[in-house]
Amino acid sequence: MHLSKLPVPIIVLLLAVGLGCSAGTFLVRAPQPTPTPTKTPKATYTPTLIPTETPTPTQTPTWTPLPTGTPTPVETPTEVPTDTPTPVTPTNTPAPTAPPPPTNTPEPTATPVPSYPFPAVPTTHPTGSEIELRISGFVWEGNQTGFGEALSGFQMQVVTPSGEVQTSEVSVGPSAGASTTPGAGDNHSMNFQYKTAPYVPGVYKVTLMKDGAQMSPTVEIIAQAGPPYTYAHIDFIKFQ
């Protein structure tokens, strides 16, 4: 289309547009100066000084009470004692006194000693006889003034050292004799005697008997092994 045929306002507009485009093209295409490459300097790091901490003066701590609340109960383990503690007796406690003995407790009864009508009083003498062992006896009854008589019908029962039981002669009445010759040192009034041969030393147990009943306590005669040997005499005297 030819510009002469267009209305004037349009022509003016087109010219303005064309000029603007040319000018823009010109501006775009204008030669630019070649930039000279430059090295960008690195930033210089300036160290920042750390300020020295000024010590804070020590202050006395103030106890701040903890808030009051319901404490949680902590279970305390119970220790079981391994040893039984020894009870301690108070020093001011009086010692217990023993109760009084009962009043109705019977007294201990002593074993009664048998009572026999004739006591037995032995006497021993050394003798030179080794042929036999002799034990003479005198059974008599009277008063303290010496009035009385020898009794008949009694015997001495003798248990020898070997345990054998033997008997003496039977006692006679008033016709009592002497055990040895007067003045021989072993003279005793007698009305019966026991003899055993040979002489055997040891312990002889002698008891006065009558009709199988014990009439005196038992006495012991010790026959020495000698010499000297032993002669024994027993008085069975009952005082009225």
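Residues numbered from 1 in each chain as written. Predicted model: local features only at pLDDT ≥ 70, side-chain atom pairs only at ≥ 80, totals over all residues. Heavy atoms only, no water.

A.B. asks: Please provide a residue-by-residue account of the overall build of the protein chain, values included.
C.D. replies: In terms of helices and strands, the protein chain carries one helix and 12 strands. Reading the helices (α) and strands (β) of the protein chain from amino to carboxyl end gives α-β-β-β-β-β-β-β-β-β-β-β-β. Out of the 240 residues in the protein chain, the part that is buried amounts to 22%. (Helix = DSSP H or I, 4+ residues; strand = E, 2+ residues; numbered from the N terminus. Buried < 20%, exposed > 50% of the residue type's maximum accessible area, 1.4 Å probe, protein only.)

A.B. asks: Just give me the short version of the pairing of strand β4 (residues 155–159), but keep the residues and values in it.
C.D. replies: Both faces of the sheet carry side chains from a regular strand, because those side chains alternate between them. Of the two faces of β4, the one lined by M156 and V158 is fully buried and the one lined by Q155, Q157 and V159 carries no buried residue. Sheet analysis places β4 next to strand β5 (residues 165–167), joined by three bridges and oriented antiparallel. When the sheet's bridge partners are listed, V158 is paired in β5 with Q166. Counting the residues that bridge the hairpin from β4 to β5 gives five residues, and of these G163 lies at a positive phi of roughly 95 degrees. (Pairing = 2+ DSSP bridges.)

A.B. asks: Could you give an account of the nonpolar core, with specific residues and numbers?
C.D. replies: Formed by 23 residues in total, the largest nonpolar core has its most connected members in I135 and F236. Counting only elements with at least two residues in this core, the list comes to β2 (133–142), β4, β8 (192–196), β9 (202–210), β11 (219–223) and β12 (229–239). With four residues, the top contributor of residues to this core is β12. Setting aside its immediate chain neighbours within four residues, F236 contacts F118, P119, A120, F138, V139, W140, M156, F192, L208 and S216. (Core = buried A, V, L, I, M, F, W, Y, C linked by side-chain atoms within 4.5 Å. Contact = heavy atoms within 4.5 Å.)

A.B. asks: Outline unusual backbone geometry, listing residues and values.
C.D. replies: Following A197, the chain continues into P198 via a peptide bond in cis, with omega recorded as 0 degrees. Along the chain, P198 falls in the loop between β8 and β9. In this model, D211 sits at a positive phi of 50 degrees, which is unusual for a non-glycine residue. Looking at the element boundaries, D211 is found in the loop between β9 and β10 (213–214). When its relative accessible area of 75% is taken as the criterion, D211 is described as exposed.

A.B. asks: Describe the packing of aromatic side chains, and please don't skip the residues or the numbers.
C.D. replies: In total, this model carries four aromatic pairs according to the counting rule given. When the ring of W140 is compared with that of F239, the centres are 6.2 Å apart and the planes differ by 75 degrees; the resulting orientation is edge-to-face. One end of the pair, W140, is in strand β2; the other, F239, is in strand β12, with 99 residues separating them in the sequence. Considering the side-chain rings of F192 and F236, the 6.4 Å spacing of their centres and the 55 degrees angle between planes classify their relative orientation as tilted. On the criterion of sequence distance, the pair formed by F192 in strand β8 and F236 in strand β12 is long-range, its members being 44 residues apart. Cation over ring: K238 sits above F118, and NZ or CZ is 5.8 Å from the ring centre. (Phe/Tyr/Trp six-rings, centres within 6.5 Å; stacked < 30°, edge-to-face > 60°. Lys NZ or Arg CZ within 6 Å of the ring centre and 35° of its normal.)

A.B. asks: Account for the side chain of T207, naming residues and giving values.
C.D. replies: Take T207: it is sitting in strand β9. Overall, T207 belongs to the buried group, its relative accessible area being 6%. A polar side-chain atom of T207 sits 2.6 Å from a polar atom in the side chain of T218. Excluding its chain neighbours within four sequence positions, the residues that come into contact with T207 are Q155, M156, Q157, Q214, S216, P217 and T218. (Polar contact = N/O pair within 3.5 Å; in protein donor to acceptor, adjacent residues only side chain to side chain.)

A.B. asks: Go over the pattern of salt bridges with me, naming the residues and quoting the values.
C.D. replies: A side chain with one charge can pair with a side chain of the opposite charge if their charged atoms come near. Following the criterion strictly, the structure yields two salt bridges and no others. Between E132 and K195 there is a salt bridge, with its nearest N and O atoms 4.0 Å apart. Highlighted residues: E132 in the loop between β1 (121–127) and β2 and K195 in strand β8, separated in sequence by 63 residues. Residue E132 is classed as partly exposed on the basis of its relative accessible area, which comes to 28%. Taking the shortest distance from any N to any O, the salt bridge between E141 and K238 comes out at 3.9 Å. Here E141, found in strand β2, pairs with K238, found in strand β12; they are 97 residues apart in sequence, far enough to count as distant. Exposure remark for E141: the relative accessible area of 22% places this residue in the partly exposed category. Judged by its relative accessible area of 28%, K238 falls in the partly exposed class. (Salt bridge = Lys/Arg side-chain N within 4 Å of Asp/Glu carboxyl O.)

A.B. asks: So what's going on with the side chain of S171? Which residues, and what values?
C.D. replies: By the secondary structure assignment, S171 is in the loop between β5 and β6 (177–178). Relative accessible area serves as the criterion here: at 3%, S171 is assigned to the buried category. Those residues in contact with S171 that lie beyond four places of it in its chain are V139, L151, S152, G153, F154, N191 and F192.

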